[in-house]
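# A structural walkthrough
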Amino acid sequence: MSDAAMSDAIMSATSPQTDRIDRLRARLGASAILGRADLEWRDAGWDARNFDAFALARPNSTAAVARLLAWCAEEGVVVVPQGGRTGLVGGAVSSPDALICDLGAMADIEEIDTETGIAVVQAGVTLAALQQAANAVGLDPGIDLAARGSATIGGMVSTNAGGIMAFRAGVMRHRVLGLEVVLPDGRVFSDMTRVIKTSAGYDLKHLFIGAEGTLGIVTRVVVKLESLVSARATALLGIGDARTGLAIVRHLQARLPGRLRAAEIMWRSFVATTAATLGFDIGQPPFDAPCVLGIEVSGDDFDAASAALEDGLAEIYDDLGITGCIVATSLQQAERLWSVRERTEILYRLHPRAPSFDVSVPGGAIDAYLSRTLAELRLVDPNSEPYVFGHLADGNVHIVLNIPGPLDDAMRRDVERAIYRDLAAMGGSLSAEHGIGLSKRAALERYADPVKQQLSAAIKSLLDPIGICNPGKILVKKVIS
Ligand SMILES: Cc1cc2nc3c(=O)[nH]c(=O)nc-3n(C[C@H](O)[C@H](O)[C@H](O)COP(=O)(O)OP(=O)(O)OC[C@H]3O[C@@H](n4cnc5c(N)ncnc54)[C@H](O)[C@@H]3O)c2cc1C
């Protein structure tokens, strides 16, 4: 008897779930279902609770996902969709009565249409795989993030992911032209549109983008592609504040139209931690400045891109008070410089499960927002020295506290009040790109528009009346059938 079969046999003596696994195996095929024993030695991803479920199903087609959800509806089994399990807000966390629907076996890039500039992919395709396939024919998905090796297109659709290129090519919502989704009752919603323009009634695909798997399971996606740039130049600059960073962004956008690719800002405690861990001398420019700005511009070749970047910066260097600058002299050096921004796991190694926040602030208000928020966080905890960094050009600010998580309820309320309370009035957002999942539900309930919450609950009840699709995520209140 295999270990998995042994474990399931043991489970049968103690748990009604084994009968369910047998019935599910009969419906989907034995190899598509992993029991608890198989999960023990697999990587649960960003949150260990992702694998608390009684079993994991790996359907390999839309029809198989439809059979799975129809079975879950019949049996009243709750289902948690999972892609790369890189989500940061607990959206993929499962409970012992839940079945995971893992999209990893739906990883085909079905088509790249170079004439139209679109890709048709299954939901389990990773961002890196799509980037590689599109790049091979001179195209690019127009979206990028550090978790690219594991994050899937289905997961990115479901969190409305953003990343470093959002200020120029939009967030996932702007990259999706068409979508196929299996609804909680097993019906298939299919809108595999390949065009930008469609005003044929309600554009329902947008309901599923950012729904974190609470309204159905995304199975296929039509992604709009961009032209691939030939070469990129990278620089890290020492600057005083976000306002200066935005002035640099505006200058480069005007000077090099369409060629600014990234503008990532990191405040002092973030740089001092990641750069020092990676072996940079943080006493030297640009790392000694209050903020470090990572910039990337494109060009016909590496030398042309570097020259354009250097010339563009030289014109404003003194006027804007740039205090230091490193321009990468090779692709390897560029990757090393970007690692200062991308290696955020360094923070979480220092402070396990550090509470993290992902807000959007209108660009011109970032400095004032941070100065007020960080002062209030110090009133909550005098030792507070959060790590702050973000996608400057779209106003996305990440704040990671320098303490382990989770916070107790009273402290969480005080911290959230400091971070969230004036965002709506400023025109910002309490979740820029990571979603709500489990960890931001209380904040959503407290700070989001009440009518939005009523409509969201009504939509959830309509599409998922018995509440089997990723229950407890986004919405705090249980759906009443
Ligand atoms: C190092 C690091 C850097 C990151 N940087 C960024 C960044 O710059 N920008 C950004 O936006 N995010 C970022 N993230 C967060 C994360 O990568 C994104 O949220 C990503 O979109 C999650 O994709 P996934 O496939 O891992 O989804 P999962 O983590 O598996 O799932 C996320 C949510 O989507 C649901 N879901 C997954 N697949 C499906 C599906 N097929 N159908 C329906 N629901 C589904 C899950 O139930 C869950 O609610 C980062 C994460 C890490 C670890």
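Structure shown above.
Residues numbered from 1 in each chain as written. Predicted model: local features only at pLDDT ≥ 70, side-chain atom pairs only at ≥ 80, totals over all residues. Heavy atoms only, no water.

## Brief notes about the overall build of the protein chain
Short version of the rule: Going along the chain from the N terminus, every DSSP run of H or I of four or more residues is numbered as a helix, and every run of E of two or more is numbered as a strand. The size measure is the radius of gyration over C-alpha atoms, and the globule rule it meets is 2.2 Å times the number of residues to the 0.38 power. Per-residue accessibility, obtained with a 1.4 Å probe over protein chains only, is compared with the maximum for each type, and a residue is labelled buried under 20%, exposed over 50%, and partly exposed between these values. Residue contacts are defined here by distance: any two heavy atoms, one from each residue, within 4.5 Å place the two residues in contact. For accessible areas, the Shrake-Rupley method is used with a probe of radius 1.4 Å. Any residue's cover is judged against the shown protein chains and nothing else. Under the counting rule used here, the positive set is Lys and Arg, the negative set is Asp and Glu, and His together with the chain ends is not counted. Working definition for charges: the position is that of NZ of Lys, CZ of Arg, CG of Asp or CD of Glu.
Looking only at helices and strands, one finds 19 helices and 18 strands in the protein chain. Here the C-alpha atoms of the protein chain give a radius of gyration of 23 Å, agreeing with the 23 Å that 2.2 N^0.38 yields for 481 residues. For the C-alpha atoms alone, the extent of the protein chain along its principal axes is close to 70 × 55 × 50 Å. The burial tally for the protein chain puts 53% of its 481 residues in the buried class. For the protein chain, the proportion of contacts with a sequence separation of at least 24, taken over those separated by at least 6, is 72%. Of the roughly 20,400 Å² of accessible surface on the protein chain, a fraction of 53% belongs to carbon and sulfur atoms. Averaging the locations of the 46 positively and 57 negatively charged side chains of the protein chain gives two centres separated by 5 Å.

## A word on the sheet that holds strand β18 (residues 396–400)
How we decide: Think of it this way: DSSP has to see at least two bridges between two strands before they count as a pair. In this analysis, axes come from line fits to C-alpha atoms, helices being fitted only over the stretch in contact, and the angle between any two N-to-C directions falls in the range 0 to 180 degrees.
Read across the open sheet, the 7 strands follow the order β15-β12-β14-β13-β17-β18-β16; overall the sheet is antiparallel. Strands with a single pairing partner mark the edges of an open sheet, and in this sheet they are β15 (324–327) and β16 (356–360). Shown here is a sheet whose adjacent strand axes are inclined to one another by a mean of 15°, direction ignored. Bridge count between strand β12 (residues 231–239) and β15: 4 bridges; the pairing is antiparallel. What sits directly across from L237, in β15, is C325.

## Quick look at helix α4 (residues 62–75)
What counts, and what does not: One less than the number of residues in a helix, times 1.5 Å, gives the span that helix is expected to have.
For α4, which comprises 14 residues, the first-to-last C-alpha distance of 20 Å matches the rise-based estimate of 20 Å (1.5 Å per residue) to within 8%. Along α4, the residues classified as buried are T62, A64, V65, A66, L68, L69, W71 and C72. Immediately beyond the C-terminal end of α4, within one or two residues, lies G76, with a positive phi of roughly 70°.

## Brief notes about the packing of helix α15 (residues 366–380) against helix α16 (residues 409–420)
Short version of the rule: What sets the label is the angle itself: under 35 degrees gives roughly parallel, over 145 gives roughly antiparallel, 65 to 115 gives roughly perpendicular, and the rest give oblique. Take the far helix as the reference: if the near one is turned anticlockwise from it by less than a right angle, the crossing is left-handed, and if turned clockwise, right-handed. Charged means Asp, Glu, Lys or Arg here, nonpolar means Ala, Val, Leu, Ile, Met, Phe, Trp, Tyr, Cys or Pro, and polar covers whatever is left, Gly included.
For the pair α15 and α16, the least separation of the axes is 8 Å and the interaxial angle reads 160°. When the interaxial angle is binned, α15 and α16 end up roughly antiparallel. For the pair α15 and α16, the crossing hand works out as right-handed. On α16, the residues that touch Y369, R372, T373, E376, L377 and V380 of α15 are M411, D414, V415, A418 and I419. By residue class, the composition of the contact of α15 with α16 is 7 nonpolar, 1 polar and 3 charged.

## As for the sheet that holds strand β8 (residues 176–182)
Read across the open sheet, the 5 strands follow the order β5-β6-β10-β8-β9; overall the sheet is antiparallel. At either end of the open sheet lies a strand with only one pairing partner, and these are β5 (109–113) and β9 (188–191). Going across the sheet, the axis of each strand differs from the next one's by a mean of 10°, ignoring polarity. The pairing of β5 with strand β6 (residues 118–122) spans 4 bridges and is classified as antiparallel. Bridged to D113 within β6 is I118. Lying on the sheet, helix α5 (residues 127–135) is in contact with β5, β6 and β10 (217–224); it crosses β5 at an angle near 35°.

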